[in-house]
Amino acid sequence: MKKLNRLTGGIMVGATAFSVVLIIAIIIVILIVIIVGGKHQMSWKFLSTFPEDGMTKGGIFPALFGTALMVIIMSVAAVPFGTITAIYLTEYAKANSILAKMVGFAVKTLAMVPSIIFGLFGLGFFIKFVGNGMDHVFLGGQLKWAQPNILWASMTMALLTLPVVIVSVEESMKAVPRELREASLALGATKWQTILKVVLPGARSGILTGTILAISLGAGEVAPILFTGAAYYLATLPTSVSDQFMSLGYHIYIMSTQSTNVDQTLPIQFATTLVLLMLTFILNFTAVIIRARLRRAH
Amino acid sequence: MHDESLDPLPQQPASPEVRIDKNDFVFSQGTLKKKLRLSEFLSEKIITGVAFLSITIIVLIFVFVFKETLPIFRSAADRKTQSTLSGLPEKYKGEASKTADNKQERYTGSEEPKQERYGLAADSAQTAGRTSEEVKEDDRLSGRSDRVVPFSPDRVTLKGLFGKVWMPVSDVPRYGMVPLIVGTIKITLIGILFAAPLAILAALFSAAFSPKWLKEIIKPAIEILAGFPSVVVGFFALMVMATFLQQVFGYSTRLNAFVGGIAMALAAIPIIFTITEDVMTAVPETYKEASLALGASKWQTAFFVTLPAATPGIFAAVLLGIGRIFGETMIALMATGNAALTSINPFESVRTLSATIGAEMAEVVFGDTHYNVLFLIGSLLFIFTFSINALAEFYVKGRLMRRFQGRIS
């Protein structure tokens, strides 16, 4: 009986250990396959030149540039709003008020909404509603804003990444010791002064982490920009926010599913995937390190 | 700028022996009343206002995604009123073919035998005589609708939406969503069947059996997977996994629900793992100690105490995993084959709801019925994920809290 018990236990524990090993093995396989598939194509030239010959040769510079520009515009929108929401949730909201709970639930819901829905929303709201309105009011009906462009894509992505910023900043603000706030208030500082001079500096690393995670998420997501601004191929870089742009993720998608010769461009696809993967990997890793240092500090 | 707002502390009388006057600590109405400071007031209001942005966004998503689906229902309602005034169908038909080049094939298609019906087709008596399927098709073909829009949106009925054929781009477009729904359910089931056991067992290992140093490695390692952009997972599934699995299992369609489901599982595993692990770690230490004290072994404690105690949390995690798979677009687009088939065979291609939006939205005419139907699909996805999230948030978390506080319900 005891023997059987131990055997069952061994099997059970073995099963759990096997699950861990399997998941980590899959991760390693994905990493190795993509690194091996893409490393020959990787070079400075690949990163810094335009695609050539109907995207069968050449580099991915416009996609890199477009992604970078998009995440910058996105961060400019998402980080301040996310930080302010986090300030509300940690400093102003009363713990059990219905309003605070609603905001919290809305943030969680926002994090769960499928990314394609953001794409639809971007199309319905930013392009068809705001864009159309702007065209009518400012340009007298001339078509400029009511079409996909990098601004609307960035705004759509900002909505998608908002919860990431909020959660990260909120976490770091909660980690600011209560005593610091109380000391500041006891010295006669007002609440707003305390937030500005004590809480926010204390939460700096959280804001940084949130921004990095948002950028990492925004750089990798494709579904929201499918019809809000990403372009198949552009011969020039976007020069204004009303231009379309090329993006790394979208580039991978179209190269692997809609290009004329998928097999011939396989090295380019792997290399592009490698670039995107490395980009998100480095960003996430940085965020993890910052966060770990933050935890140790408190 | 805030200097004036710093309140000086009430001055103590500077006497050699510190005598505390009782009156210094009497809080009158005047001392207790908060001074209104404009900057404070404004900043608080602005911050509160911005915080409601996230609620506003949710509401806006609701409003704007639904707004674009409305014409479907409106056109269905319109038909009743329009049917009484279909006076000049021939002339209208001419207009339609002139103005709507891109829809032309649909109208020319209608020249066929049904033409004689145009004049009186709207007669309710006659309408009642035909099957609803016929009516739907006729309505669509004859393009009878409001005259403001130059061409009529081809009609969709509720029954049409639940048809078994999804053929939006054809002479007679059909918007039957059944194959898409079946495909999505298939993918979700396969995905969750792979993801849930793996992630839960892995979480159990991390929470119950692994030493602390190993845990510090396992958690971030699995969370790396969460950082993989879905397009990367999709690419891997499309290029590598599909071929590998085809060689192992020997089925004929390279891209199918099975491949898509496993790729989806990769996206869902980190979500389920992280939440489950957190919940299992949060199971009160006393539970485990009680179990061990009663003579249970470590694995018995893990499987018969920790696991059951964490059930509501695991349930929530699985729900969120389902939500993730349900809405995942890029993996579905790349790895499932995208054929709208209604079959339960896991080794056949499928097309999911989200992939349909992703693949077709770029090619539709704005304001077209096809466009509206895609938004309808979006609304369905949104409602579904919203409900799942609400369920996980309120019901499950409430139960979990009660359970951990010792009240078993």
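Each value, and the rule that gives it
- Residues numbered from 1 in each chain as written.
- Chains lettered and ligands numbered in written order.
- Predicted model: local features only at pLDDT ≥ 70, side-chain atom pairs only at ≥ 80, totals over all residues.
- Helix = DSSP H or I, 4+ residues; strand = E, 2+ residues; numbered from the N terminus.
- Buried ≥ 20, exposed ≤ 12 C-beta atoms within 10 Å, placed from the backbone.
- Contact = placed C-beta atoms within 7 Å.
- Axes fitted to C-alpha atoms, helices over the stretch in contact; angles between N-to-C directions.
- Parallel < 35°, antiparallel > 145°, perpendicular 65-115°, else oblique.
- Left-handed = near helix turned anticlockwise from the far one by under 90°.
- Nonpolar A, V, L, I, M, F, W, Y, C, P; charged D, E, K, R; others polar.
- Domains from an automatic or database assignment.
- Expected span 1.5 Å × (residues − 1).
- Arc of directions from axis to C-beta.
- Core = buried A, V, L, I, M, F, W, Y, C linked by C-beta atoms within 7 Å.
- pLDDT = per-residue confidence, 0-100.

Quick look at the overall build of chain A now. Scanning chain A from terminus to terminus reveals eleven helices and two strands. Taken from the N to the C terminus, the helices and strands of chain A come in the order α-α-β-β-α-α-α-α-α-α-α-α-α. A burial count over chain A gives 48% of its 298 residues as buried. Within chain A, contacts between residues at least 6 apart in sequence are counted, and of these 74% link residues at least 24 apart.

Now for the overall build of chain B. When you go through chain B residue by residue, the secondary structure sums to 19 helices and two strands. The buried share of chain B, reckoned over its 409 residues, is 43%. Residue pairs at least 24 apart in sequence account for 73% of intrachain contacts in chain B once pairs closer than 6 positions are excluded.

All names here are of chain B. Between helix α12 (residues 230–249) and helix α13 (residues 257–282), the shortest axis-to-axis distance is 9 Å and the interhelical angle comes to 140 degrees. When the interaxial angle is binned, α12 and α13 end up oblique. Of the two elements, α12 crosses α13, and the hand of that crossing is right-handed. Touching S230, V233, G234, A237, M241, A242 and L245 of α12 are F258, V259, I262, A263, L266 and A267, all from α13.

All right, on to unusual backbone geometry then. Residues and elements named next belong to chain B. The phi torsion at N338 lies on the positive side, around 55 degrees, for a residue other than glycine. By secondary structure assignment, the location of N338 is in the loop between α17 (330–335) and α18 (353–360). Owing to 20 C-beta atoms within 10 Å, N338 belongs among the buried residues under this scheme.

Residues and elements named next belong to chain B. Following the sequence through the fold, I272 ends up in helix α13. Once the C-alpha coordinates of I272 and V233 are considered, the two residues, 39 residues apart in sequence, prove to be 17 Å apart. With residues up to four places along the chain from it excluded, the contact list for I272 reads A195, A196, A199, I200, A317, V318 and G321.

Further remarks concern the interface of chain A and chain B. Across the contact, 69 residues belong to chain A and 71 residues belong to chain B. For the side of chain A that touches chain B, a count of residues per class yields 47 nonpolar, 19 polar and three charged.

Take the domain arrangement of chain B next. All names here are of chain B. The domains assigned to chain B are domain 1 (1–160) and domain 2 (178–404). Facing eleven residues of domain 1, the contacting portion of domain 2 comprises ten residues. When grouped by side-chain class, the residues that make up the side of domain 1 that touches domain 2 number seven nonpolar, two polar and two charged.

Once that is clear, we can look at helix α2 (residues 38–51) of chain B. Residues and elements named next belong to chain B. End to end, α2 covers 20 Å across 14 residues, agreeing with the expected 20 Å (1.5 Å per residue, within 8%). When we look at burial in α2, the residues that qualify are S43, I47 and A51. Angular distribution of buried residues about the axis of α2 spans 65 degrees; they occupy a single face of the element. Exposed side chains of α2 directed beyond 90 degrees from the buried face belong to L38, F41, L42, K45, I46 and G49.

This part takes up the nonpolar core. Counting 188 residues, the largest nonpolar core has A237, I269 and I272 of chain B as its most contacted members. The element that contributes the greatest number of residues to this core is α13 of chain B, accounting for 17 residues. Each of domain 1 (1–160) and domain 2 (178–404) of chain B contributes no fewer than three residues to this core. Not counting residues within four places of it along the chain, the set of residues in contact with I269 of chain B comprises I23 of chain A together with A195, L198, A199 and L225 of chain B.

So, on to the environment of F194 of chain B. All names here are of chain B. Within the secondary structure, F194 sits in helix α10 (residues 178–209). When the C-alpha atoms of F194 and A268 are compared, they prove to be 9.4 Å apart, with 74 residues separating the residues in sequence. Leaving out residues up to four positions away in the same chain, F194 has contacts with G261, I262 and A265.

Time to look at the confidence of the model for chain B. Low-confidence regions, as indicated by low pLDDT, have predicted coordinates that should not be scrutinised in detail. Residues and elements named next belong to chain B. For chain B, per-residue confidence averages 75 on the pLDDT scale, and residues scoring 70 or more make up 69% of the total. Overall, residues 1–6 carries pLDDT values under 50, and its contacts beyond four positions in sequence, including any with other chains, amount to six contacts. Between residues 82–153, whose pLDDT stays under 50, and residues either more than four places distant or in other chains, the model counts 75 contacts. Both scores are available for the predicted complex, with the pTM at 0.81 and the ipTM at 0.92.

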